[in-house]
Structure formats: structure tokens, C-alpha cells
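Given next are the chains, with one letter for each unit.
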Amino acid sequence: MKSKLLIFILTCCCMGLFAQQMIVISPKETQKAEKLYNSGLEKFNKQSYDAAIKDLKESIKTNANLTEAYKLLAKAYQQNNQNEEALNTLQAYSNVISQKDTAYFLMSKLEMEIGKYQEAVSYADQALAVNNSDYKTYYVRGLANYLAENYNAAVADFSNAINQNANVAQLYNERASANRMNGNYEAAIADYASAIQLNGNEP
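Quantities reported herein were computed from a predicted structural model and do not represent experimental measurements.

Peer 1: Is there a simple way to think about the pattern of salt bridges in this case?
Peer 2: When charged atoms on two side chains of opposite charge get close, those side chains can pair. Inspection of every chain in the model, using the stated rule, returns seven salt bridges. Notably, a salt bridge pairs K43 with D55, separated by 2.7 Å at the nearest N-O pair. Here D55 lies in helix α3 (residues 49-62) and K43 lies in helix α2 (residues 31-45), a separation of twelve residues in the sequence. R141 is the partner of D125 in a salt bridge, and the nearest nitrogen-oxygen pair spans 2.6 Å. Of this pair, D125 sits in helix α7 (residues 117-130) while R141 sits in helix α8 (residues 135-147), placing them 16 residues apart in sequence. Its relative accessible area of 35% is what places D125 among the partly exposed residues. When its relative accessible area of 15% is taken as the criterion, R141 is described as buried. Several salt bridges converge on common partners, so that one network encompasses D125, R141 and D157.

Peer 1: I tried to follow α7 on my own but got confused; where do I start?
Peer 2: For α7, which comprises 14 residues, the first-to-last C-alpha distance of 20 Å matches the rise-based estimate of 20 Å (1.5 Å per residue) to within 8%. Buried residues in α7 make contact with α5 (83-94), α6 (100-113) and α8.

Peer 1: Explain the nonpolar core to me, please; I cannot follow it from the model alone.
Peer 2: One recurring pattern in soluble globular proteins: nonpolar side chains tend to sit buried together. Core analysis: the largest hydrophobic core is formed by 52 residues, its most contacted members being Y37, L56, L90, Y93, M107 and M112. Setting aside residues no more than four positions away along its own chain, M107 makes contact with L87, L90, Q91, S94 and Y123.

Peer 1: Even after reading the chapter, I still don't get the environment of E58, so can you show me in this structure?
Peer 2: Positionally, E58 belongs in helix α3. Among the residues examined, E58 registers a relative accessible area of 31% and is labelled partly exposed. The spatial distance from the C-alpha of E58 to the C-alpha of G40 is 9.6 Å, given a sequence separation of 18 residues.

Peer 1: Which parts of the structure should I look at to understand unusual backbone geometry?
Peer 2: Backbone geometry places N81, a non-glycine residue, at a positive phi of 60°. Assignment of secondary structure puts N81 in the loop between α4 (67-79) and α5. A residue is classified by how much of its surface remains accessible, and N81, at 66% relative accessible area, is exposed. Even without a glycine there, the phi angle at E149 is positive, about 65°. In this fold, E149 is placed in the loop between α8 and α9 (151-164).

About the thresholds
- For every chain, the first residue of the written sequence is number 1, and numbering continues from 1 onward in sequence order.
- Note on the predicted model: pLDDT of at least 70 is required for a residue's local features to be given, and 80 or more for side-chain atom pairs to be given and counted; whole-chain, interface and lining totals, by contrast, use all residues.
- Hydrogens are left out, water is left out, and the side-chain values use all remaining heavy atoms of the structure.
- Any Lys or Arg side-chain nitrogen located within 4 Å of an Asp or Glu carboxyl oxygen qualifies as a salt bridge.
- Numbering of helices and strands runs from the N terminus; a helix is a DSSP stretch of H or I covering at least four residues, while a strand is a stretch of E covering at least two.
- Here's how the labels work: a residue is buried when its accessible area is under 20% of the maximum for its type, exposed when over 50%, partly exposed in between, all with a 1.4 Å probe on protein chains only.
- One fewer than the residue count of a helix, multiplied by 1.5 Å, yields its expected span.
- In this analysis, two residues are considered to be in contact whenever any of their non-hydrogen atoms come within 4.5 Å of each other.
- Take the buried Ala, Val, Leu, Ile, Met, Phe, Trp, Tyr and Cys residues and link them wherever side-chain atoms come within 4.5 Å; each set so joined is a nonpolar core.

Shown next, in the form of C-alpha cells:
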């Protein structure tokens, strides 16, 4: 079941839950930074991560307020197996944005994906302290708790996520798995049924 969860996480990333797009270049002093960002994005999409990292670092050096460059640089570092650099980039990103919960969420997701579950929970806690209405943060914290075998906490997190968005089949599926690991089979069966019902129109 744990491998299924990780496969789903990776699939979500490939589907572009946090996909980045080209920036429309402005005719202002930020033009150089935007061009470097677009060049970095092009190289990232070609999986030329070292080259992408070089352009994105230069983009941030040119304009430290181009926030999209931080997120893409962190992803490039992660794809290049430079997880510490990715985390440092997201911490720098948190210093230039007003919505800190976005940065904390991305840090939580990164830590969870590399197997640092307690750190993932800690960053999710910080994100939820700023914004407790984002179901994705509860979901990521739930996954981290599940993978750390903290099943009661995982059930609570998935329940909070469902309270925020009751139309996502995967949330019920993951809560069902946590309930099953907790020995609460009746609740697990009910959640699996809800997941199947929400997926009813899918092939």
C-alpha cells in the first residue's frame, strides 16, 4: 500500500499539479531575469537540469523577486538529486513571498517525497498555522503520517482534507487505507465505497 501511495504522488507530479509556465516578458528592467527564467524552463523540460539550474540561479541573482524562478529552481535541484539545495531554495522563496504557507507546503511535500516524514509533518504544521483551509496540505501531512505509521494522525489529516474538499476520491481511498491499518475495517469499507462512487464515471 505504501508503494501505491508513492506511485500516486509521483504520478501527480508528472501530471503537473505544480506545473510552471512561460513568463510573458515585460519591456522593463526585469526583462533579463524573465528571459533567463524562460531559458531555464526550456532546459528543465528537456531534462537538462544542470543547465536549467545555472539559468535559474542567474535569473534570481538578476531579480530576487521573480518568485516563479525559486519554485522551478527547487524542482530542478530535486530532479538532479540535490535535495538540500532544493530545500534551501524553498526557504529563500519563503523570504520573498507574503503567502508563507505556499513555501511551507512545498517544503513539506519535498521532505515527504525524500522520506523525511517528521520534517514533512513539521513544515505542514507551519503551513496550516498560516492557512488551515488548504486540503492539499492536510493530504500531504496525512501521507507523511501514514508512511511514518502514525495511522491515527493520518486518519485525522485525511478527514480534515475531506472536510475541505469532499469530491476527491483519492482522499477517501487513503483514509480507508489508514483505517484498515488501524484495524477499523468498517470505516475502511465505507471510505473505499465512497472512493469507488466518486470514481464511478472514470474508465
